[in-house]
Amino acid sequence: MHADELETDAGLVRRLLRTQFPRWADLPITRLASGGTVNAIYRLGGELTVRLPLQRGGAEAVAREARLLPGLPPLLPLPIPEVVATGAPGEGYPLAWAVHRWIEGRSPVEGDLAEPERVARDLAQFAVAFRGIGLPGGPPAHRGGPLLSEDRETRAAIEALRRTDEPFDADEITAAWEEALAAPPWKGPACWTHSDLMPSNVLLTGARVSAVIDFGTVGMGEPATDLIPAWNLLPASARRVYREAVDVDDATWARSRGWALSMAVVQLPYYRTTNPVISANARYVIREILGSSA
C-alpha cells in the first residue's frame, strides 16, 4: 500500500515474541485480513493480537494508545482495545509494536447492515460519550484542527481523482467540499474524539455494535470528526436517526460531511489499486455525499 511500507510476517512476530515476551512465543500466529492501512495485525492464540506498524509514523500511535487507553473504558459505552504489552524494536524490525487483548466481532460493510437504525444509535451513543469525556491533558487529535486545515490536501486529491477513470465529477466534489467549508467553524472547547470512525474500526456482533478499535488518532478536537459514520457506514435511511441521537447543530453536521468527504477523496486516488476495502468505502462516501448535497 505504501512505498515505504515495512515487511512483516508470522516469523518476524514469533522472533519478536521469543526475545521480548517468551510466554507467548509458542502460541499460534495468523495474519488477519484487514482493510487497515496503519498496522499489520496478527491473531496470537485465542485471546491476543499483535499489531506491527507498517510505517514509522505508526509507532507514535502505539505510544499514544499505551498512554491513553487505560483511562477510557469506564467512560465509554462500548468495549475498546486493551494494551497488554508494548514491544520494542528488534529482530530487524525498527519500530515499537503492541500486544492487545482480542475482541470478538466482525467489521461492517458500508451500507449493508441488517439493522442500520440500531447501529446508528449504538454509534451515536459512543460519539456522545466520547465528546463528554472530562479527562485532562489529552493531546491534539490527529484530525484536531479546523476543517479548513484540510483544504490544500483535499483540493490536491480532487485533482488527482480527476485524472483517474473513477466515475465522479471533480467539479461536483469541489462544490460539495466548498459547501462544507462554508459552515461556521467550531467555536466551543476542544472535545475528546476518536477521529477515525471508519467501518474497519467498528466491530459488530449480530446486528449491534460490539466494540470500537484502533485509537491511534484519539485526542482533543472538534466533535464533527466523530460523526463520519453517518457518511461512511450508514445508509441514508438511518442517517436521520443518527443525527437526532448525536444532537448537533446544522454547522457541525455540515462539517462532519466535509470531514468524511475529505478523507474519502484523499484515500481513493492513493488506495484505489492497493486496498479494495478502503477504496470501496471511499467510493461509497462520495456517492452518499454527492447524493445528499444541497
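This text goes with the structure placed above it.
What comes next is a walk through the structure. If you're wondering where the values come from, they're calculated on a predicted model, not measured in any experiment.

Quick word on the pairing of strand β5 (residues 97-101)
Extensive coverage of β5 is indicated by the burial of four of its five residues. In terms of strand pairing, strand β3 (residues 48-53) meets β5 through four bridges, oriented antiparallel. Note that in β5 the partner of Val50 across the bridge is Val99. Note: strand β4 (residues 83-87) against β5, four bridges, orientation antiparallel. Each bridged residue has a counterpart across the sheet, and for Thr86 the counterpart in β5 is Ala98.

Structural notes on the nonpolar core
Generally speaking, a soluble globular protein has its nonpolar side chains buried in company with each other. Grouped together as the largest cluster of nonpolar side chains are 62 residues, with contacts concentrated most on Phe126, Phe130, Ile173, Phe215, Tyr242 and Ile286. Counting residues per element, this core draws most heavily on helix α8 (residues 250-271), which supplies nine residues. If sequence neighbours within four positions are ignored, Phe215 has contacts with Arg64, Glu65, Leu69, Leu72, Ile80, Pro81, Phe126, Phe130 and His194. Ranked by size, the runner-up nonpolar core spans 21 residues in total, among them Leu17, Trp24, Leu54 and Trp97.

A look at the environment of Pro223
Relative to the assigned elements, Pro223 resides in the loop between β9 (219-221) and α6 (229-232). Measuring from C-alpha to C-alpha, the distance between Pro223 and Phe130 comes to 8.9 Å, with 93 residues separating the pair along the chain. Sequence-distant contacts of Pro223, that is, excluding residues within four places in its chain, are made with Arg131, Trp186, Cys191, Thr193 and Thr252.

A closer look at the pairing of strand β8 (residues 208-212)
In summary, the side chains of a regular strand alternate between the two faces of the sheet. Among the five residues that make up β8, four are buried, leaving the element largely enclosed by the rest of the structure. Examined bridge by bridge, strand β7 (residues 202-205) and β8 share four bridges and lie antiparallel to one another. By the bridge assignment for β8, Thr205 is matched with Arg208. From the end of β7 to the start of β8, which pair antiparallel, there are two residues, and Gly206 there has a positive phi angle of about 65°.

Cut-off values and rules
- Residues numbered from 1 in each chain as written.
- Predicted model: local features only at pLDDT ≥ 70, side-chain atom pairs only at ≥ 80, totals over all residues.
- Heavy atoms only, no water.
- Buried < 20%, exposed > 50% of the residue type's maximum accessible area, 1.4 Å probe, protein only.
- Helix = DSSP H or I, 4+ residues; strand = E, 2+ residues; numbered from the N terminus.
- Pairing = 2+ DSSP bridges.
- Core = buried A, V, L, I, M, F, W, Y, C linked by side-chain atoms within 4.5 Å.
- Contact = heavy atoms within 4.5 Å.

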